[in-house]
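Secondary and tertiary structure notes
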Amino acid sequence: MGALNVRVDPQTAALVERVARESGLTKSEVVRQALATLRERGARAAAATPSEAMAHLIGSGDTGGMRLSERTGEQLARLLRERKNANRTGRRRSTRRAD
């Protein structure tokens, strides 16, 4: 096993000592367990899909009564029709100049 010396602020040192004393572990074991937990969290976060990573946020917003999720299919279809019509109008312009 490799050795590592780490300097920490007094509050962190007191926390490690308190956890070690309360759990009956050595300070080294407390730090090893904390690092293992951190590694596991990082692995889980990396494996999570974007929707899983933000699941706790879904549905937490308030639109102020704007009812944004109603009839979204109809609204999207209308928007696409408007864009299509705008593009058609742009393509049908005459290339001849009126002199």
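Provided above is the structure to which this section pertains.
A brief look at the structure comes next. Since this is a predicted model, take the numbers as computed values, not measurements.

**What to know about the overall build of the protein chain**
Summing up its helical and strand segments, the protein chain has four helices and zero strands in all. Seen in sequence order, the protein chain has helices and strands lined up from the N terminus as α-α-α-α. For the protein chain, the residues scored as buried account for 3% of the 99 residues in total. Summed over all atoms, the accessible surface of the protein chain reaches about 9,600 Å², with 53% contributed by carbon and sulfur.

**Description of a nonpolar patch on the surface**
Together, Leu-4, Val-6 and Val-8 line one region of the surface with nonpolar side chains, adding up to about 310 Å² of accessible area. Its place among the elements puts Leu-4 in the segment before helix H1 (10-23). Here Leu-4 falls in the exposed class, since its relative accessible area comes to 69%.

What counts, and where the lines are drawn
- Residues numbered from 1 in each chain as written.
- Predicted model: local features only at pLDDT ≥ 70, side-chain atom pairs only at ≥ 80, totals over all residues.
- Heavy atoms only, no water.
- Helix = DSSP H or I, 4+ residues; strand = E, 2+ residues; numbered from the N terminus.
- Buried < 20%, exposed > 50% of the residue type's maximum accessible area, 1.4 Å probe, protein only.
- Areas by Shrake-Rupley, 256 points an atom, 1.4 Å probe, with all protein chains shown as cover.
- Patch = residues over 30% accessible without salt bridge, like charges linked within 9 Å, V, L, I, M, F, W, Y side chains within 5 Å.
- Salt bridge = Lys/Arg side-chain N within 4 Å of Asp/Glu carboxyl O.

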